[in-house]
Amino acid sequence: MKRVNISDFGAVPDTDDIQTKKFQDAIDYCFESGGGEVIVPEGRYIIGDIRLRSNITLHLMENAHLLGSINPEDYLNIFNDKFEPLPADEMTDILWKSPYERTEQEGKELLGCAGSRWHYGIIRILFAENVSVIGEKGSVIDGRNCYDEKGEQRYRGPHGINVHKSESLHFSGYTIQHTGNWAHCIFSSKNISVENVTVLGGHDGIHFRGCDDVTVKKCVIKVGDDGIAGFDNTDFSVTDCYLSSARNVFRIGGTNVLVDRCISEGPCEYPFRYFFTEEEKKKRAYKSVSEHKNTPVFFKYFVDTTRNIRHQPGNIVVRNCKVSGVETMFNLNLSGSEIWQKGIPPKDITFENIDFIGASNTSILYGNDAVPLELCMKNINYSLGKGFEKIPFLHMGKHGKVVVDNVKINNFDGDVLIRDLDGSKNVEISNLQCDNFGSFKII
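Residues numbered from 1 in each chain as written. Predicted model: local features only at pLDDT ≥ 70, side-chain atom pairs only at ≥ 80, totals over all residues. Heavy atoms only, no water.

A. Representation of the nonpolar core within the structure. Of all hydrophobic cores here, the largest spans 98 residues; its most connected members are F171, F250 and F299. Apart from residues no more than four positions distant in its own chain, F250 is found in contact with I228, V238, L243, V259, C262, F298, F299 and K300. In this structure, L110, L111, W118 and C185 belong to the second largest nonpolar core, which totals seven residues. (Core = buried A, V, L, I, M, F, W, Y, C linked by side-chain atoms within 4.5 Å. Buried < 20%, exposed > 50% of the residue type's maximum accessible area, 1.4 Å probe, protein only. Contact = heavy atoms within 4.5 Å.)

B. Structural detail: the side chain of T239. Positionally, T239 belongs in strand β19 (residues 228-239). Beyond its immediate chain neighbours, meaning those up to four positions away, T239 contacts V216, K217, K218, D260, R261 and C262. (Helix = DSSP H or I, 4+ residues; strand = E, 2+ residues; numbered from the N terminus.)

C. Structural context of the pairing of strand β8 (residues 129-135). The buried fraction of β8 is high, at five of seven residues. Relative to β8, strand β5 (residues 56-60) is paired through four bridges, and the arrangement is parallel. Directly across from T57, in β8, lies its bridge partner S132. Note that β8 and strand β11 (residues 167-172) share five bridges and pair parallel. In the strand pairing of β11, S132 is matched with H170. (Pairing = 2+ DSSP bridges.)

D. Structural detail: the packing of aromatic side chains. Within this structure, the stated rule accounts for 18 aromatic pairs. Consider the rings of F23 and Y45, whose centres lie 5.7 Å apart with planes at 75°: the pair is edge-to-face. Of this pair, F23 sits in helix α1 (residues 20-32) while Y45 sits in strand β3 (residues 43-47), and the two are 22 residues apart along the sequence. Take F23: its relative accessible area is 0%, and that puts it in the buried class. Its relative accessible area of 1% is what places Y45 among the buried residues. (Phe/Tyr/Trp six-rings, centres within 6.5 Å; stacked < 30°, edge-to-face > 60°.)

E. Seen up close, a negative patch on the surface. A cluster of acidic side chains, namely D14, E42, E62 and E136, defines a negative patch on the protein surface. The topology assignment puts E62 in the loop between β5 and β6 (64-68). (Patch = residues over 30% accessible without salt bridge, like charges linked within 9 Å, V, L, I, M, F, W, Y side chains within 5 Å. Areas by Shrake-Rupley, 256 points an atom, 1.4 Å probe, with all protein chains shown as cover. Salt bridge = Lys/Arg side-chain N within 4 Å of Asp/Glu carboxyl O. Lys, Arg positive; Asp, Glu negative; His and termini not counted. Charge placed at Lys NZ, Arg CZ, Asp CG, Glu CD.)

F. Main features of the pairing of strand β10 (residues 159-164). With respect to burial, β10 is a largely interior element, six of its six residues being buried. The pairing of strand β7 (residues 121-126) with β10 spans five bridges and is classified as parallel. Bridged to R124 within β10 is N162. As paired strands, β10 and strand β13 (residues 184-187) are joined by four bridges and run parallel to one another. Within the sheet, the bridge partner assigned to V163 lies in β13 and is I186.

G. Here's a closer look at α1. In this model, α1 (13 residues) spans 18 Å end to end at C-alpha, consistent with the 18 Å of a helix rising 1.5 Å per residue. Within the span of α1, buried status applies to T20, F23, Q24, A26, I27, D28 and C30. Residues of α1 that are buried make contact with β1 (2-5), β2 (36-40), β3, β4 (50-52), β5 and β6. (Expected span 1.5 Å × (residues − 1).)

H. Fine view of helix α2 (residues 104-112). Every buried residue belonging to α2 is among G107, L110 and L111, and all of these are buried. In a view along the axis of α2, the buried residues occupy a sector of 85°, so they form one face of it. (Arc of directions from axis to C-beta.)

Shown next as structure tokens:
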């Protein structure tokens, strides 16, 4: 296996000169030699977008820091790639529009084409296989909150690592922080592992869409947006992770999804940047006069119309998790009122062996007529926060079979514990314990 060092291609640490071409020269030389390892030694390197190709490992040595340029125009090198030009059908001039402004087709093109400006990033992996990004102690990829007035919501800059239609990918060991948009944006790819990665600040920690055979384990994710997100994924597991989010801890949809042995705590130390003032966003601020750090939902179902769903969602299992300081345990609302929940409901979802402390809002289960959604809640220890003792445990409607087994509700002092718009049909309740047992209603 070829091993090359970026310093042999002229890359210089600890200078304000941009080093993108020197990095890319090292990568391309290694690629032309049949693949291998590109080594980044200790130091501080400013780059725009670099493209990793098949059979390449980017190895960040101890205390190697990749600093993303703060100029969004430095992330367009992908369009001048002579080795592997982007296919014409992957190109689009569409810029970001909100879901309320764009057509369904514009949404699919914006998010589906690797050549859209929205997909740009510090590290790009496109149509490649056997690619790794690994880091040693103290290695960092820092997006520095790059501001882009042409980006999502008129301020978001590039992603940290952007992947499109690739396979056999491995990410481990590094810290990635303060990326302009998502830290990891991984679309239409398969056989992916993310292990021992730390994500700080920025927006979504790891976001997968249309991906198969995904494992995320032993990661620390503390972000201002969704912790782990995405939909249309199959055989997808998240295990032994610590997560703290200023939005949803998990915002996931897919088939054969497992969340196991995770810990989540709120509120998050990193605020949701959407609520920053325009001046704060332009200055790439890390703090705001109007910070939002609360965590609304632990597990929120996610599906929308920006891609066609390949498989019937279902077999979603969340188990053995400890959650505190999060407002709501879960939200699945296909009534039409949720902009990011439009489409196919899962066949079934299970919550098992969950400790949930400090709830301040009601969990929602509302399906649609397409699929008789089934819910199982088993071995749940659930506590309401101070001042929220009258908040119901669950609101339901348009569902299939619902099983509530060995659930303990602490600090409840309201009248209605479970409200079912379907008239409590198809609901099986056993071993339910509640502080206010005997006086509350299930209607």
